[in-house]
Amino acid sequence: MLMPKKVKHRKLQRGGKIRGTAQRGSSISFGAYGLKALESNLISARQIEAARRAMTRYIQRGGKIWIRIFPDKPMTKKGDETPMGKGKGAVDHFVSVVKAGKILFEMDGVKESAAREAMNLAAYKLNVKTKFISKEKE
């Protein structure tokens, strides 16, 4: 599972609503096809891994996949049936902050139909609406 090797601050505040569109990482850089987020949300490391597995299973040994997001924000959780107070909970998992327009995954070395189906399978695993894009149509 993806997570940072070390962090500057062990626990972070959640922050408010994720506003605006992605300025960086909003165009295809490595592959020929990409999966673009159409809305903003937090995507967990488990969701990224599930999407990656779905894509690699579908394309088998052909092609190459790039993951363009990294879960670097720690999310905390207090234990079940814990009374209020007693401070912030322990770090439970890591998430990636995704803005609308961000490229989540890229793929190359496969036919467009295979890439489209693989990205579609990956999109089912994510909690944001996405769109399949290709480099020549961009």
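Residues numbered from 1 in each chain as written. Predicted model: local features only at pLDDT ≥ 70, side-chain atom pairs only at ≥ 80, totals over all residues. Heavy atoms only, no water.

Attention now moves to the overall build of the protein. When you go through the protein residue by residue, the secondary structure sums to two helices and seven strands. Scanning the protein from its N terminus toward the C terminus, one meets helices and strands in the order β-β-α-β-β-β-β-α-β. In terms of its C-alpha atoms, the protein occupies a principal-axis envelope of roughly 55 × 30 × 25 Å. Evaluated residue by residue, the protein yields a buried proportion of 38% over its 138 residues. The contacts in the protein between residues at least 6 apart in sequence include a share of 81% that link residues at least 24 apart. (Helix = DSSP H or I, 4+ residues; strand = E, 2+ residues; numbered from the N terminus. Buried < 20%, exposed > 50% of the residue type's maximum accessible area, 1.4 Å probe, protein only. Contact = heavy atoms within 4.5 Å.)

Here the focus is the pattern of salt bridges. On inspection of all chains with the given rule, the structure shows five salt bridges. Residue Arg52 is joined to Glu49 by a salt bridge in which the shortest nitrogen-to-oxygen separation is 2.7 Å. Here Arg52 and its partner Glu49 are both found in helix α1 (residues 45-59), three residues apart, which amounts to about one turn of the helix. When the shortest N-O distance is used, the salt bridge between Arg68 and Glu106 registers 2.2 Å. (Salt bridge = Lys/Arg side-chain N within 4 Å of Asp/Glu carboxyl O.)

Here the focus is the packing of α1 against helix α2 (residues 112-124). Contact pair α1 / α2: the axes reach a minimum separation of 8 Å and the direction vectors enclose 150°. Between α1 and α2, the crossing angle belongs to the class labelled roughly antiparallel. As α1 runs across α2, the sense of the crossing is right-handed. When α1 is examined against α2, the residues Ala51, Ala54, Met55, Tyr58 and Ile59 are found in contact with a partner set consisting of Ala114, Glu117, Ala118, Met119, Leu121 and Ala122. Looking at the contact of α1 with α2 residue by residue, the classes come out as ten nonpolar, no polar and one charged. (Axes fitted to C-alpha atoms, helices over the stretch in contact; angles between N-to-C directions. Parallel < 35°, antiparallel > 145°, perpendicular 65-115°, else oblique. Left-handed = near helix turned anticlockwise from the far one by under 90°. Nonpolar A, V, L, I, M, F, W, Y, C, P; charged D, E, K, R; others polar.)

Positive phi, normally seen in glycine, also occurs at Gln60, with a value near 50°. Positionally, Gln60 belongs in the loop between α1 and β3 (64-67). Here Gln60 falls in the exposed class, since its relative accessible area comes to 64%. Positive phi outside glycine occurs at Lys86, with the angle close to 65°. Take Lys86: its relative accessible area is 78%, and that puts it in the exposed class.

Let us look at the sheet that holds strand β5 (residues 90-98). Read across the open sheet, the three strands follow the order β2-β5-β4; overall the sheet is antiparallel. Two strands lie at the open edges of the sheet, namely β2 (41-44) and β4 (73-77), each paired on one side alone. Going from strand to strand, the sheet's axes swing by 50° on average, the running direction of each strand aside. As defined by bridge partners, β2 adjoins β5 across four bridges and the pair is classed as antiparallel. Paired with Asn41 across the bridge in β5 is Val98. The strands touched by α1 are β2 and β5; relative to β2, the strand with the most contacts, the crossing angle is about 65°. (Pairing = 2+ DSSP bridges.)

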